[in-house]
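# Tertiary structure, described
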Amino acid sequence: MSHLPASGRALAPPAADPGRRKSPGLVPAGGRVESKLCCPHLREWSRLRALMKKVVSFALAGIFVADLVACGSPDTGSSGGGTTTTSTGGGTVTGGAGGGGGQTITGDTGGATVTGGTGGVGGQTGGTGGVGGQTGGTGGVGGQTGGTGGVGGFVDGVCGDGVLSPGETCDDGNTLGGDGCSAACIIESGFLCSGAPSVCQPAMCDDVASWLGPDMTFGTCFGYLVSTNADANNCELYVDVFGRGTYSVNGFSAKWIEADLRVQSPNGQVMGAGLLVNYLDAASLSHTAWRLGAETSPGLWHTGFTWTKSGPGNGNFSFAVVDFAFFLDVKSADGMVSRLWISANGQNYTLDETYATPGTIESGGSTTIEYASDMASLFDQKHVCSP
Ligand SMILES: [Ca+2]
C-alpha cells in the first residue's frame, strides 16, 4: 500500500488541522521589547545614583530624569540600566521617546509606529544615542564623554505592497489578517512566512517529532517552509542502515523501526533529515508521522519511529506501519528549502519488501534488532553513492 503519488514526491501529509495545531513558539520579530526597568527597580537606581554621586555628580540630573520617565508614560522607553542594554519606547500613534542610555551602553530606540519618536540619550561614558522612531524620528543625543549620536528614524514602508519594509516581518500583498500575515504585516502566531511578497503557511506540527530512540520521541514543528520536493538523485542522502527493533523487559516492551541516513554534499544548509511513516492506529485510522533525526556524527543522522509500546506508564499504543520513506531538508542560498526524498521510485517502502530477504539479527540484553539485508531496495541509492 502506498500513499505516494506515482507522479512525484508530493508526499501530501494530511491537511493541517488548525484546531490541533500547537504553537511553534514563534515570537513575531516585530513585537515590542518590554521595558526592562520600571518602578520596582528604582531602589537599585537609588543605590546606583548614590554611588555615582561620588564619581560623576554632574551626571545625576540626567539619570534622574530618565528614571521618572521610565515609570510614567506608556509611550516612553525606559531608562537604560548601568550595564544593561536598554529597551524600546512603547510608541503607539506617536512614537515615544527612547530612554536614556546606561553608563556605557546604548540608548533606547524611539517608539516606532506612525510618527517617529526621538532616540534616547547616550550613556555617560561613550554610550550611543538611541535610534529614532519611524518616519523622521530624531536621532538620540550622544553620551557625555565621546558618545555617539543616535540614528534618525526611517521611513515606514507600506503594509500590503508585497515588499518587506522595516517594521514588517512579512508582507503578503494584502492587509487582511488571519492568513498568516497580519493587517500590520507581522507574522501571525502559528504561521511561517518567507519571501516577498510573503508566502505564509501554518507551521506544521501535527505528528512531527524528534526521534532519538525507542523511548525518546519529542514533539516539535517544522520551523521552515518547504518549497520543493525532489528525489535525492545526486547522493545528497542515502540510507546507510535500517533496522526494526524490539525490547521486552520487566513488563515493558516496545517495537520500532530506525535508520541511519548518510548526508553528503547537500549543496546548502541541512535543516533536518528524517523519516516519514504512514501508519494505522488501533482504530485503523490512517496517520502520517514525521520523525526528525539527530546528527549523531558528522553527516550521519539517526532517526526512527516507535510503533508499539506497552507497560505501566509506558505510553501504551499499538500502531501498524503501512509504509515509509526518508527525507532531507536543505536550504539553498536563496533561502528556499528543498525536500529531497529517498523512496521507491515515487512509492514508499514497506516492511514486507524490506525484509523479503531476512536481515541480520543482533541481540543485546532485552533488545533485538533485525538489520535489513543489503538486498533491500531502500539501499539502492547507497549502492550508487557508496559502492
Ligand atoms: Ca495578510
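Remember, it's a predicted structure, so these values are computed and weren't measured experimentally. (Residues numbered from 1 in each chain as written. Predicted model: local features only at pLDDT ≥ 70, side-chain atom pairs only at ≥ 80, totals over all residues.)

## Some points on the pairing of strand S3 (residues 208-213)
Working note: regular strand, side chains alternate between the two faces of the sheet. Where S3 meets strand S9 (residues 286-292), three bridges bridge the pair, whose relative direction is parallel. Bridge pairing in S9 links Ser-210 to Leu-292. For S3 and strand S4 (residues 216-219), the ladder comprises four bridges, and the chain directions are antiparallel. Each residue of the ladder has a partner; that of Ala-209, found in S4, is Gly-219. A loop of two residues connects S3 with S4, the two strands running antiparallel in sequence. (Pairing = 2+ DSSP bridges. Helix = DSSP H or I, 4+ residues; strand = E, 2+ residues; numbered from the N terminus.)

## A look at the nonpolar core
Leu-237, Val-239 and Phe-326 are the most contacted members of the largest nonpolar core, which totals 51 residues. The greatest single-element share of this core, amounting to seven residues, is contributed by strand S13 (residues 320-331). Two domains each put at least three residues into this core: domain 2 (157-202) and domain 3 (208-385). Excluding its chain neighbours within four sequence positions, the residues that come into contact with Val-239 are Ala-259, Leu-261, Phe-326, Ile-342, Leu-378, Phe-379 and Lys-382. (Core = buried A, V, L, I, M, F, W, Y, C linked by C-beta atoms within 7 Å. Buried ≥ 20, exposed ≤ 12 C-beta atoms within 10 Å, placed from the backbone. Domains from an automatic or database assignment. Contact = placed C-beta atoms within 7 Å.)

## Concerning the sheet that holds S3
Paired through backbone hydrogen bonds, the strands of a sheet run either parallel or antiparallel to each other. Read from one edge of the open sheet, seven strands run S4-S3-S9-S8-S13-S14-S5, paired in mixed fashion. One side of each edge strand has no neighbouring strand; the edge strands of this open sheet are S4 and strand S5 (228-231). The mean angle between the axes of side-by-side strands here comes to 30°, regardless of whether they run parallel or antiparallel. (Axes fitted to C-alpha atoms, helices over the stretch in contact; angles between N-to-C directions.)

## Things to note about unusual backbone geometry
Only a minority of non-glycine residues have a phi that is not negative, and only a minority of peptide bonds are not trans. Note the cis peptide between Ala-196 and Pro-197, where omega equals 0°. Here Pro-197 is to be found in the loop between strand S1 (191-194) and strand S2 (199-202). The backbone of Asn-267 sits at a positive phi, close to 55°, despite the residue not being glycine. On the secondary structure map, Asn-267 appears in the loop between strand S7 (252-263) and strand S8 (269-280). In the Ramachandran plot, Asn-345 falls in the positive-phi region, its phi being about 50° despite a non-glycine side chain. As for its position among the elements, Asn-345 is in the loop between strand S14 (337-342) and helix H3 (351-354).

## Structural notes on the environment of Asp-161
Here Asp-161 shows up in the loop between helix H2 (60-72) and S1. Judged by the 16 C-beta atoms lying within 10 Å of it, Asp-161 is partly exposed. For Asp-161 and Asn-174, which are 13 residues apart along the polypeptide, the C-alpha to C-alpha distance reads 7.0 Å.

## Examining the environment of Tyr-355
Along the chain, the position of Tyr-355 falls in the loop between H3 and strand S15 (360-364). Placed 16 residues apart in sequence, Tyr-355 and Tyr-371 show a C-alpha to C-alpha distance of 9.0 Å.

## Topic: the confidence of the model for the protein
Summing up the model confidence of the protein, the mean pLDDT is 73 and the portion of residues at 70 or higher is 60%. Segment residues 1-46 is flagged for pLDDT under 50; beyond a separation of four residues in sequence, or across chains, it makes 84 contacts in the model. Here residues 48-117 scores under 50 on pLDDT; set against residues more than four positions off or in separate chains, the count is 227 contacts. (pLDDT = per-residue confidence, 0-100.)

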